[in-house]
Amino acid sequence: QVQLVESGGGLVQAGGSLRLSCAASGRTFSRYAMGWFRQAPGKEREFVAAINFSGASRRYADAVKGRFTISRDNGLNTVDLQMNSLKPEDTAVYYCAAYRGPTLYSAPTGDWGQGTQVTVSS
């Protein structure tokens, strides 16, 4: 089982920026893809971004493309999400996700952290 701890959420005005971080443990971090998902009130959890095991490949949801950047540090076992030009519709609980394999198209393991709240005011 993978342990995931998210941090960095908060309240920000529209147009602002936040940086989320996720610390992972419980397996060899550098062998697996990682990702971020989010869940807004009353909605299902949705994909935000993913990064492959080496950091060379990334994938983004259309809603965040060009505004969010996912990155990882395999030495620190962390994966970050830099969020710029935030919009009220980005308001959600953000969750880090561990993937079953090394590529972007591996499935998430189903292990989730506690999430971190991001609130964007208009």
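You'll find the structure just up there.
Here's what I pulled together on the structure shown here. Note that the structure is a prediction, hence the values are computed from the model and not measured.

The rules behind the values
- Residues numbered from 1 in each chain as written.
- Predicted model: local features only at pLDDT ≥ 70, side-chain atom pairs only at ≥ 80, totals over all residues.
- Heavy atoms only, no water.
- Phe/Tyr/Trp six-rings, centres within 6.5 Å; stacked < 30°, edge-to-face > 60°.
- Helix = DSSP H or I, 4+ residues; strand = E, 2+ residues; numbered from the N terminus.
- Buried < 20%, exposed > 50% of the residue type's maximum accessible area, 1.4 Å probe, protein only.
- Lys NZ or Arg CZ within 6 Å of the ring centre and 35° of its normal.
- Disulfide = S-S within 2.5 Å.
- Core = buried A, V, L, I, M, F, W, Y, C linked by side-chain atoms within 4.5 Å.
- Contact = heavy atoms within 4.5 Å.

## Points about the packing of aromatic side chains
- Within this structure, the stated rule accounts for three aromatic pairs.
- Each ring, one from Phe37 and one from Phe47, has its centre 5.7 Å from the other, and the planes form 80°; the classification is edge-to-face. With Phe37 in strand 4 (residues 34-39) and Phe47 in strand 5 (residues 46-51), this residue pair connects regions lying ten residues apart in the sequence.
- A ring pair is formed by Tyr95 and Trp112, whose centres lie 6.1 Å apart and whose planes are at 75°; its orientation type is edge-to-face. One end of the pair, Tyr95, is in strand 9 (residues 92-99); the other, Trp112, is in strand 10 (residues 108-112), with 17 residues separating them in the sequence.
- A residue is classified by how much of its surface remains accessible, and Tyr95, at 12% relative accessible area, is buried.
- In this structure Trp112 comes out as partly exposed when scored by relative accessible area, which is 33%.
- Connected via pairs of aromatic rings, a cluster forms that spans Phe37, Phe47, Tyr95 and Trp112.
- One cation-aromatic arrangement involves Arg45 over Tyr95; the distance from NZ or CZ to the ring centre is 3.8 Å.
- Arg59 extends its terminal NZ or CZ atom over the ring of Phe47, reaching a point 4.4 Å from the ring centre.

## Notes on the state of the cysteines
- Evaluated as defined, the whole model comprises one disulfide.
- Each disulfide pairs two cysteine sulfurs, and for Cys22 the partner residue is Cys96, the sulfurs being separated by 2.2 Å. On the S-S bond that ties Cys22 to Cys96, the torsion sits near -80°, and the link is left-handed. Placement of the pair is Cys22 in strand 3 (residues 18-25) and Cys96 in strand 9, with a sequence separation of 74 residues. Like Cys22, the residue Cys96 is buried in the burial classification.

## Some thoughts on the nonpolar core
- Among the nonpolar cores identified, the biggest contains 35 residues, and Met34, Trp36, Val79, Leu81, Met83 and Tyr94 are the most heavily contacted of them.
- For this core, the secondary-structure elements that each account for two or more residues are strand 3, strand 4, strand 5, strand 7 (68-73), strand 8 (78-83), strand 9 and strand 11 (116-121).
- Among the elements that make up this core, the one with the highest residue count is strand 9 (six residues).

## Here's the deal with the environment of Val118
- Relative to the assigned elements, Val118 resides in strand 11.
- Once the C-alpha coordinates of Val118 and Phe37 are considered, the two residues, 81 residues apart in sequence, prove to be 12 Å apart.
- Once you skip the residues sitting within four places of it in the chain, Val118 turns out to touch Gly9, Gly10, Leu18, Leu20, Met83, Asp90, Thr91, Ala92 and Tyr94.

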